[in-house]
Structure formats: C-alpha cells, structure tokens
Amino acid sequence: GYKWTYSGPEGEHHWSKHYPYCGGSFQSPIDIKSELLRFDPTLRPIEVQNYNLSPDEQLTLGNNGHALQISLPSKMHISSLQHRYSAAQLHFHWGSSSRIAGSEHMVNSKQYAAEMHVVHYNSDKYPNISYAVDKSDGLAVLGVLVEVGEFNPAFEQFLRFINGIKYRNQKVQVPGFNIRALLPDRLDEYYRYDGSLTTPPCYPSVLWTVFRNAITVSQKQFNALATALYSSSAQDSATIPLHSNYRKPQLVDSRIVLASFKE
Ligand SMILES: NS(=O)(=O)c1c(F)c(F)c(S(=O)(=O)CCO)c(N[C@H]2CCCc3ccccc32)c1F
Ligand SMILES: [Zn+2]
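Let us look at the structure shown here. What you see is a predicted model; the values in this text were computed from it and never measured.

Some words on the pairing of strand E10 (residues 114-122)
The buried fraction of E10 amounts to 9 of the 9 residues, a majority that puts the element mostly inside the structure. In this sheet, strand E11 (residues 139-148) lies alongside E10 in antiparallel orientation, the contact comprising 8 bridges. Within E11, the position partnered with Glu115 by the bridge is Leu145.

Some words on the pattern of salt bridges
A full pass over the atoms with the stated rule returns 10 salt bridges. For Glu57, the salt bridge identified is with Lys75, shortest N-O distance 2.7 Å. Of this pair, Glu57 sits in the loop between strand E3 (48-49) and strand E4 (58-63) while Lys75 sits in the loop between strand E5 (68-71) and strand E6 (77-78), and the two are 18 residues apart along the sequence. Residues joined by salt bridges that share partners form a network here, namely Arg186, Asp188, Glu189 and Arg212.

Looking at the site of ligand 1
If you check the shell around ligand 1, you find 14 residues, and the closest are Asn64, His93, Leu197, Thr198 and Thr199. Between ligand 1 and Asn64 there is a distance of 2.7 Å, counted from an oxygen atom to a side-chain nitrogen or oxygen. Take His93: an N or O atom from its side chain is 3.3 Å from a nitrogen atom of ligand 1. Burial of ligand 1 by the protein amounts to 82% of the accessible area it has alone, namely 560 Å². Counting only elements with at least two residues in the shell around ligand 1, the list comes to strand E7 (85-94) and E10. Examining the composition of the shell around ligand 1, we find that 3 residues originate from one element, E7, more than from any other.

A closer look at the coordination of the zinc ion (ligand 2)
The coordination sphere of the zinc ion (ligand 2) contains the protein donors His91 (NE2), His93 (NE2) and His117 (ND1), at a distance range of 2.0 Å. Counting the intervening residues between successive donors of the zinc ion (ligand 2) yields the motif H-x1-H-x23-H. Here His91, found in strand E7, pairs with His117, found in strand E10; they are 26 residues apart in sequence, far enough to count as distant. Under the relative-accessibility criterion, His91 is labelled buried at 13%.

Digging into the sheet that holds strand E9 (residues 110-111)
Pairing is mixed in the open sheet, where 3 strands are placed in the order E1-E8-E9. Here the strands that pair on one side only, and so sit at the sheet edges, are strand E1 (31-32) and E9.

Focus: the packing of aromatic side chains
Enumeration over the complete set of coordinates arrives at 11 aromatic pairs. Ring centres of Tyr21 and Tyr203 lie 5.5 Å apart, and the angle between their planes is 70°; this geometry places the pair in the edge-to-face category. Residue Tyr21 is found in the loop between helix H1 (15-18) and E1, and its partner Tyr203 is found in the loop between strand E13 (190-195) and strand E14 (206-211); the two are separated by 182 residues along the sequence. An angle of 70° between the planes, with centres 5.5 Å apart, marks the rings of Tyr191 and Phe261 as edge-to-face.

Remarks on unusual backbone geometry
A cis amide bond links Ser28 to the next residue, Pro29, at an omega of 0°. Mapped onto the elements of the fold, Pro29 is located in the loop between H1 and E1. Across the junction of Pro200 and Pro201, the peptide omega takes the value 10°, indicating a cis bond. Look at Ser109: it is not a glycine, yet its phi comes out positive at around 65°.

Thoughts on the nonpolar core
Counting residues in hydrophobic clusters, the biggest one holds 49 residues, and the most contacted among them are Leu68, Trp94, Phe158 and Ile179. Taken together, the elements giving at least two residues each to this core come down to E4, E5, E7, E10, E11, helix H3 (153-159), strand E15 (215-217) and helix H4 (219-227). At 5 residues, the largest contribution of residues to this core is made by E7. Ignoring anything within four residues of it in the chain, the contact list for Phe158 reads Leu61, Leu68, Ile70, Phe92, Phe177 and Leu182. Residues Leu37, Ala88, Val119 and Ala259 belong to the second largest nonpolar core, which totals 23 residues.

Re the side chain of Arg255
Along the chain, Arg255 falls in the loop between H4 and strand E16 (257-259). Put simply, Arg255 is tucked away with no salt bridge, and the nearest opposite charge, on Asp253, sits 5.2 Å away. There is a polar contact of 2.6 Å between the side chain of Arg255 and the backbone oxygen of Leu251. Those residues in contact with Arg255 that sit more than four places away from it in its chain are Phe26, Gln27, Ile30, Tyr193, Asp194 and Gly195.

Section: H4
Turning to H4, its buried residues are Gln221, Phe222, Leu225 and Ala226. For H4, the angular spread of buried residues about the axis comes to 130°, placing them on one side. Where H4 is buried, its residues meet E5, E7, E10, E11, H3 and E15.

Rules and cut-offs
- Residues numbered from 1 in each chain as written.
- Chains lettered and ligands numbered in written order.
- Predicted model: local features only at pLDDT ≥ 70, side-chain atom pairs only at ≥ 80, totals over all residues.
- Heavy atoms only, no water.
- Buried < 20%, exposed > 50% of the residue type's maximum accessible area, 1.4 Å probe, protein only.
- Helix = DSSP H or I, 4+ residues; strand = E, 2+ residues; numbered from the N terminus.
- Pairing = 2+ DSSP bridges.
- Salt bridge = Lys/Arg side-chain N within 4 Å of Asp/Glu carboxyl O.
- Near = heavy atom within 4 Å.
- Polar contact = N/O pair within 3.5 Å; in protein donor to acceptor, adjacent residues only side chain to side chain.
- Areas by Shrake-Rupley, 256 points an atom, 1.4 Å probe, with all protein chains shown as cover.
- Donors = N, O, S within 2.8 Å, 3.2 Å for Na, K, Ca; no water.
- Phe/Tyr/Trp six-rings, centres within 6.5 Å; stacked < 30°, edge-to-face > 60°.
- Core = buried A, V, L, I, M, F, W, Y, C linked by side-chain atoms within 4.5 Å.
- Contact = heavy atoms within 4.5 Å.
- Lys, Arg positive; Asp, Glu negative; His and termini not counted.
- Arc of directions from axis to C-beta.

Listed below in structure tokens is the structure:
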C-alpha cells in the first residue's frame, strides 16, 4: 500500500486520498465524553484465555515503521464475546519525550501518555486476520490507556529488547510472558463502541473495548518507548524518530458509546 505517516504530506489529513475508508464513517479513535455514555448492564466482564504465555514460547517483537508490535499466538483469545476472537498482535501508540501525551482514545478530552492495542480477529468466521480485517464483525481490539507512574515489570519483558528493533522492519524473538499483566486489574469496567482501524486502510471493522482503568509505566520506561525507535530503516541515510504515532479523535456522529459501569 501507499506510504503513510502521522505528520507531514502523508499525514492523517491526506490518508483518505489513497485509503477512502479513512474519510468515511465509524472511524476511530474517539474522545469518550461522559455525556455520550450509556450504561449497558448487559456488558459482561471481558474474559481472556491463554494470555499467560510460557517463557519457552518465542514471540516476535518488531518495529513495523508505524509502531512497536508483538506477534501473538492464536490460542490467546477473548471468550466473552458473541464469537471467539483470537489474538494476532499487540502494539503501542505513544507521544514523545517532550510532549508526553500520545494515547489515541481520550476520556473527557484527557489524552494519556500512551495506549496499547491487543488486536484480535473473529476466528469463528475467518481463517486468519487478513480475511477478517475488512469485515464488519472481523476484529475486536482491547485498548489499554497508559499513564506515567509506578514501574511496570510486565513492560520490562519486551522493553529490555527494544534496542534490537530500533529501525523499520527489524525483529527480534523474545520469551513469552504473561500478557494478562499488561491489562488493568478490572476487566469488568470498560467503554464499548463500533469503530475502525486507526491506521490506513481504516476499515470500519473493529469492535472497540477501551478499559476504564489505565496501567502505569515509569518515566524511564516511557522515555525508552518514546525515544528508542525510528520509522526509517537501518540503510536510510536520514533517520526519522518514531514518536507521536497516534491518530487524532474522529467524529462520533450518531454512534452510541456504551459503558459497562455506572459513573
Ligand atoms: N490501532 S489499530 O487499528 O489497532 C492498528 C494499528 F494502529 C496498527 F499500526 C496496525 S499495524 O501495526 O499492523 C500497522 C498498520 O496496519 C494494526 N494492524 C492490524 C490491522 C491491519 C492488518 C493486520 C494484520 C495483522 C496483524 C494486525 C493487523 C492495527 F490494527
Ligand atoms: Zn492501535
């Protein structure tokens, strides 16, 4: 596909030239405002299976030029939705060392330091994520807001390898670890709405779950994430730092944002 970036002439305001869905409806992320919310008592706690991966398993940690990503085994899945949604990968969006705020979703216009997305696809209906990515019931993404505070031991399980993926398309194998430890304690409190991929091709194929409670990382851990990576490849003469890789909030239009909890 066409090159796209988060700033400059290929930035988000130009995505729709080559990726028409990016200019369409049901786009993500959004600013989750209290006045938009409707409490829905039928929203059950999120249940995840096989998230506690053995260190004997190897995961691929990579820099795809847009984000830091970790590939995930399809035995990991969400079991509390209408269909089984199997994990494909997780990745992060973050700000910069000078402007910490870098989450995609906002809550009452508060932007968090970063945001983690665990991308799953409907494995009841589709053989792999490539078939599911443009289907209305294709994807379910768990969104976790990240703020700077206490040190996070789970983050260290991949951060310690980050200097091996400084440049675009670099990958390293890392031992499996408990991915559940990257989620907040309470999986029963979350926002829910129908949205899209937040990067091109922006397909409106995502059932979004954004947890109410943020996780924390230390200032040092945040700086490592925000300053270690480049979107340019090791061969490129010009190095381009990879930071502020977040899309701005999109129009909610007539969408309802549900909450599994009462304010
Ligand atoms: N915010 S977001 O919408 O969740 C989101 C991203 F922001 C993001 F950068 C990625 S990417 O890292 O793959 C780079 C650009 O596609 C994805 N990839 C998903 C959807 C595209 C196809 C695919 C194939 C295999 C695994 C994951 C994915 C993404 F879903
Ligand atoms: Zn994402």
